[in-house]
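Examination of the molecular architecture
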Amino acid sequence: MATKKEIVTKKKYFFGWANIKWVIKEFTNIYSDNKSFFSKKRIESGIAFIIAQWGMVYFLLNKVSVMTTTDMVMWAGIEFAISGYIINQIQKEKTVE
């Protein structure tokens, strides 16, 4: 008869070594001629969006003490405009011709 230790199965975690290798392989396929699970355009626009967001937050943290209400509203408007543009571009890619 099997003991409890033998019955316990190995837990599968999302960030297992096999999944990490798969993600690395797919990222290398993005810039090769092979088909990739990820879209090159979406990866690049996502990275650009994150960099832009970091810059906007950094600006806000440095200037918040001297910003007026009008400046804050303009900053928020620019944030919403950037986010809306990115979402619009992503949704535009999803439409079927």
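Located above this text is the structure these notes cover.
Residues numbered from 1 in each chain as written. Predicted model: local features only at pLDDT ≥ 70, side-chain atom pairs only at ≥ 80, totals over all residues. Heavy atoms only, no water.

A short note on the overall build of the protein
Applied cut-off: Helix numbering and strand numbering both begin at the N terminus, where a helix is a DSSP run of H or I of at least 4 residues and a strand a DSSP run of E of at least 2. Note on classification: 1.4 Å probe, protein chains only; a residue is buried when its accessible area is under 20% of the maximum for its type, exposed when over 50%, partly exposed between these limits. Contact criterion: two residues are considered in contact whenever any of their non-hydrogen atoms come within 4.5 Å of each other. Note that accessible areas follow from Shrake-Rupley with a 1.4 Å probe, and for residues the cover is restricted to the protein chains shown.
Summing up its helical and strand segments, the protein has four helices and zero strands in all. Traced from its N-terminal end to its C-terminal end, the protein shows the element sequence α-α-α-α. Burial analysis of the protein (97 residues in total) assigns 9% to the buried set. Sequence separation of at least 24 residues holds for 23% of the intrachain contacts in the protein that already meet a minimum separation of 6. Carbon and sulfur atoms make up 67% of the accessible area of the protein, which totals about 8,900 Å².

Digging into the side chain of Q53
Selection rule: Two N or O atoms count as a polar contact when they lie within 3.5 Å, although within protein this holds only if one can serve as hydrogen donor and the other as acceptor, and sequence-adjacent residues are included solely when both atoms are side-chain atoms.
Positionally, Q53 belongs in helix 3 (residues 40-63). Engagement of the side chain of Q53 in a polar contact is seen with the side chain of E79, the distance being 2.9 Å.

As for the side chain of E79
Mapped onto the elements, E79 comes out in helix 4 (residues 69-94). Contacts of E79, omitting those with residues within four sequence positions, involve Q53 and M56.

Points about the environment of K25
Structurally, K25 is set in helix 2 (residues 17-30). Counting along the chain gives 12 residues from K25 to F37, while the straight-line C-alpha distance between them is 9.8 Å.

Observations concerning a nonpolar patch on the surface
Note the cut-off: A patch is a set of surface residues, each over 30% in relative accessible area and not in a salt bridge, joined within 9 Å for like charges and within 5 Å for the nonpolar side chains Val, Leu, Ile, Met, Phe, Trp and Tyr. For this document, the term salt bridge refers to a Lys or Arg side-chain nitrogen within 4 Å of an Asp or Glu carboxyl oxygen.
On the surface, I47, I50, I51 and W54 cluster together to form a nonpolar patch covering roughly 460 Å² of accessible area. Residue placement: I47 occurs in helix 3.

Concerning helix 3
Residues that lie three or four places apart on an α-helix share one face, since the helix turns once every 3.6 residues. Using the following cut-off: Helix span, expected: 1.5 Å multiplied by one less than the number of residues in the helix.
Over its 24 residues, helix 3 runs 35 Å from end to end, which matches the ideal 34 Å to within 8%, given 1.5 Å per residue. Residues of helix 3 that are buried: Q53, M56 and L60.

Quick notes on the environment of F59
The topology assignment puts F59 in helix 3. In sequence terms F59 and W75 are 16 residues apart; their C-alpha atoms lie 9.6 Å from each other.

Section: the pattern of salt bridges
Taken as a whole, this structure holds one salt bridge when the rule is applied. Taking the shortest distance from any N to any O, the salt bridge between K25 and E26 comes out at 3.9 Å.

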